[in-house]
Amino acid sequence: MKDIKKYAISSDIRRALTGRGFIIGVAGMVLVIALSSLENIISATRNTGPLMNGFHAQFMITALSSDWVTLAIPIVCALPFTTAFVDDVKSGFIKQYLHRTSIKQYIRAKLFACGLSGGLVLFFGIVIAYALSALVFTPMELALGEGETAQPYFAQLLMVSATLFFSGAFWSLVGFAFSAATMSKYMAYASPFILYYVLIILNERYFENLYVLYPKEWLFPSDVWVLGSLGVILLLAELTAIISLAFAVTAKRRLANV
């Protein structure tokens, strides 16, 4: 039984991380980062003098705070795995699969794979974009002067990547839950985007003090957060648990008569 449980999770993870949606999502994240900083790229390549030290890292941090990235997050994280449940049910695959495992293990494996792929599609996109940025701009940067110390840009970028990982996991599970409730692949892709921008509009127009439910705060938390980025991660973990429970309840009802 333990081997079956492990296989259920590992097979879904492999399906999520090797599928076309995941690859397109990672490539899309890299492309969005590049497009959001197109002016900086052109300016840097036209500059005849050396760039400031750490330009490649600052370039990335600026790109991640742009409206382009804000727009892309709920779209990109929905690509890898949010339609998996609907695909399994409508194709009839679920009838063959459930005989080899249990409903509980099936739901657990799907939730884990969906959340992981939604977070990693953003994380890998950032890592690849950072590697390309370092490869292109580092040779053009000034070396550190005597007595100067390097700024912790990479550590800051890793913290942003961590919060984006949890954000991506949450939004992908939002699409997963809505698709299970409606049995619609379109809702799997559209619901994260819709809810994302409903929260943004509510905060910017009506509830400016409700910063904990403002998705832009989840990227670069302001000073009002008691624990800073850790507070954002804890909040996203709680929201992820809630939406996972919602999917589990809905999926269990859907699969009760399979």
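Okay, so let's go over this structure. Quantities reported herein were computed from a predicted structural model and do not represent experimental measurements. (Residues numbered from 1 in each chain as written. Predicted model: local features only at pLDDT ≥ 70, side-chain atom pairs only at ≥ 80, totals over all residues. Heavy atoms only, no water.)

**Remarks on a nonpolar patch on the surface**
As a reminder of what qualifies: To count toward a patch, a residue needs a relative accessible area above 30% and no salt bridge. Like charges then connect within 9 Å, nonpolar side chains (Val, Leu, Ile, Met, Phe, Trp, Tyr) within 5 Å. In short, Shrake-Rupley with a 1.4 Å probe defines the accessible areas, and a residue's cover is counted only from the protein chains shown. Any carboxyl oxygen of Asp or Glu within 4 Å of a side-chain nitrogen of Lys or Arg constitutes a salt bridge here. Segments assigned H or I by DSSP are reported as helices when at least four residues long, segments assigned E as strands when at least two residues long, and all are numbered from the N terminus. Under the scheme applied here, a residue whose accessible area is under 20% of the maximum for its type counts as buried, over 50% as exposed, and between as partly exposed, the area being computed with a 1.4 Å probe on protein chains only.
Taken together, Leu71, Ile75, Phe193, Ile194, Val198, Ile201, Leu202, Tyr206, Phe207, Leu210 and Leu213 make up a surface patch of nonpolar side chains, about 940 Å² in accessible area. For the nonpolar patch, the secondary structure elements donating two or more residues are helix H5 (67-76) and helix H10 (185-205). Mapped onto the elements, Ile194 comes out in helix H10. What makes Ile194 partly exposed here is its relative accessible area of 47%.

**Regarding the nonpolar core**
Note on soluble globular proteins: their nonpolar side chains tend to be buried together. Our working definition: Within this scheme, the nonpolar core is defined by two criteria: the residues are buried Ala, Val, Leu, Ile, Met, Phe, Trp, Tyr or Cys, and they are joined through side-chain atoms within 4.5 Å. Throughout, a contact is declared for two residues whenever any of their heavy atoms are within 4.5 Å.
Residues Ile33, Leu64, Phe85, Trp171, Phe176, Trp218 and Phe247 are the most contacted members of the largest nonpolar core, which totals 71 residues. It is helix H8 (residues 103-137) that contributes the most residues to this core, 13 residues altogether. The contacts of Phe247, once residues within four sequence positions are left out, are Phe85, Ile107, Leu111, Phe176, Ala177 and Ala180.

**Some remarks on the environment of Tyr97**
Note that Tyr97 resides in helix H7 (residues 93-97). When near neighbours in sequence (up to four residues on either side) are disregarded, Tyr97 contacts Ala8, Ser11 and Tyr106.

**Some thoughts on helix H4 (residues 55-64)**
In an α-helix, one turn spans 3.6 residues, which is why side chains three or four residues apart end up on the same side. Across the ten residues of H4, eight count as buried, placing the element largely inside the fold. Residues of H4 that are buried include every one of Phe55, His56, Ala57, Phe59, Met60, Ile61, Ala63 and Leu64, and no others. On its buried side, H4 packs onto helix H2 (20-36), helix H3 (38-46), H5, H8 and helix H9 (153-182).

**Re the packing of aromatic side chains**
Applied cut-off: Two rings from Phe, Tyr or Trp (for Trp, the six-membered ring) form a pair when their centres are within 6.5 Å of each other. A pair whose planes differ by under 30 degrees is stacked, one over 60 is edge-to-face, and the rest are tilted.
Applying the stated criterion across every chain yields a total of 14 aromatic pairs. The interplanar angle of 20° and the centroid separation of 4.3 Å between the aromatic rings of Phe176 and Phe247 together place this pair among those described as stacked. With a gap of 71 residues between them, Phe176 in helix H9 and Phe247 in helix H11 (residues 229-255) connect regions that are remote in the sequence. Look at Phe176 and you get buried, because its relative accessible area is 0%. Aromatic ring contacts, followed pair by pair, group Phe170, Trp171, Phe193, Tyr196, Tyr197 and Trp218 into a single cluster.

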